[in-house]
Amino acid sequence: MRSQAAGIISDQKQAQRQGFIRGTGLAVPDRVLTNAELEKMVDTSDEWIRTRSGIRERRICADGEDTADLAARAGSKALSDAGVEPIDVDLIVLSTATPDHLLPSTACETQARLGAHRAAAFDVSAACAGWLYGVAIADGLLKAELFENALVIGAEKMSAIIDYTDRSTCVLFGDGAGAALLGSGGDVANGGTGLLATHMQTDGRCAQMLWRPAGGAAMPSTSETQSERLEFVKQEGRDVFKRAVLAMEESSRIVLGKAGMTIDDIDLVIPHQANIRIIESLAKRLGVDRERLYINIDRYGNTSSASIPIALDEVRRNEMVPPGGTVLMTAFGGGLAWGSAVLRL
Ligand code: UT7
């Protein structure tokens, strides 16, 4: 029979095994695509893009620069930041909506580029919420004592799946990657750094609100699908917008409740960077002022699942949260899939 004393020991041990951030990194392509350049490609204007989305410019991969290249660069920076050698990485979880190949996973290709030859590696597919899903999965595996550390990467080459003749989508997205090395041993119950709570939710009934109709097993790519441009992202922008605000608000409240906190306990909110108006509506509903909101959409656009880890790296690098401070991260995207996490830094 499990004694009470044994239970206490095991609870304490569990409390000391939360994932915590050992290092972060980001990588974006050098090439900047400005609103002025987009004005020459489609019927749009800098003024429309800035006022309707908040985006001024985004980064676009060069020829031959792929998702795994960005992932490996961001991952390598996170490892350097943590002072950990690639060979000592136990697990790589990589979120992407733009895998370089459908087989094998981009995590495998990233592992090879990093030289993390001892690690298990797999991809997570949850669109813009993917990195937070990856963090929740990695945290669970660390707590289950299957691994000592996990490199969680969000990497996206959105320019490969965006239709640069469709003004409703091509102005929004950009390429980039962000990564965090999670260690096990975050003693959050006793004030240590680490993940305080995570939340994930999905509504597959709305799958076609944000999707790529062709190019998968259900509708393989043909000359017809290509001429109809069905390999590219299609989005019902207005509906996605409304759902994004409501879902991220609800998810934020759920994860705060799980952490035993209120929004007033949070030092900085890092929302998914899809649209400045979504971020502002969410902030208003949560009661968060501009000073407690991280925004970099003007420089990168929507980098899907790379958006939050890129922002987190900038937040850490610019010391925007005091030691022991907490961040609320929340994301929403295709699936529809969304999620949140509360992290003590
Ligand atoms: O990260 C994954 C989740 N994705 C999101 O969260 C994105 C959610 N949606 C959005 O961010 C916004 O809905 C968009 C930025 C996509 C669109 O903004 P909107 O204010 O919802 O515009 P709308 O779709 O209602 O379109 C308004 C007008 C339309 O013209 P009409 O029908 O009023 O004549 C569009 O054709 O704006 C037009 N429009 C444009 N005009 C100039 C759409 N795209 C553009 C453009 N330039 N790039």
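This one's a predicted model, so the numbers in the text were calculated from it and none came from an experiment.

## With respect to the site of the ligand
Inference 1: As a matter of local geometry, the ligand sits amid 23 residues, with Thr44, Arg52, Arg238, Asn275 and Asn302 nearest to it.
Inference 2: At 3.4 Å from a nitrogen atom of the ligand is found a side-chain nitrogen or oxygen belonging to Trp48.
Inference 3: A distance of 2.9 Å is found between a nitrogen atom of the ligand and a side-chain nitrogen or oxygen belonging to Gln235.
Inference 4: Here the ligand, which alone exposes 950 Å², has 75% of that area covered by the protein.
Inference 5: Among the elements of the structure, α3 (46-53), α7 (167-170), α9 (237-259), α10 (276-286) and β12 (326-333) are those that each provide at least two residues to the shell around the ligand.
Inference 6: When residues of the shell around the ligand are assigned to domains, at least three map to each of domain 1 (4-189) and domain 2 (194-344).

## A closer look at the sheet that holds strand β13 (residues 337-344)
Inference 1: Spatially, four strands are ordered β8-β13-β12-β11 in an open sheet, and the strand pairing comes out mixed. With partners counted over all chains shown, the strands left at the sheet margins are β8 (194-202) and β11 (268-271), one partner each. The mean inter-strand angle of the sheet, taken between neighbouring strand axes irrespective of direction, is 10°.
Inference 2: Strand direction decides the pairing type here: β11 and β12, joined by four bridges, are parallel. Bridging from a neighbouring strand, Leu268 pairs with Val327 of β12.

Reading guide: rules and limits
Residues numbered from 1 in each chain as written. Predicted model: local features only at pLDDT ≥ 70, side-chain atom pairs only at ≥ 80, totals over all residues. Heavy atoms only, no water. Near = heavy atom within 4 Å. Polar contact = N/O pair within 3.5 Å; in protein donor to acceptor, adjacent residues only side chain to side chain. Areas by Shrake-Rupley, 256 points an atom, 1.4 Å probe, with all protein chains shown as cover. Helix = DSSP H or I, 4+ residues; strand = E, 2+ residues; numbered from the N terminus. Domains from an automatic or database assignment. Pairing = 2+ DSSP bridges. Axes fitted to C-alpha atoms, helices over the stretch in contact; angles between N-to-C directions.

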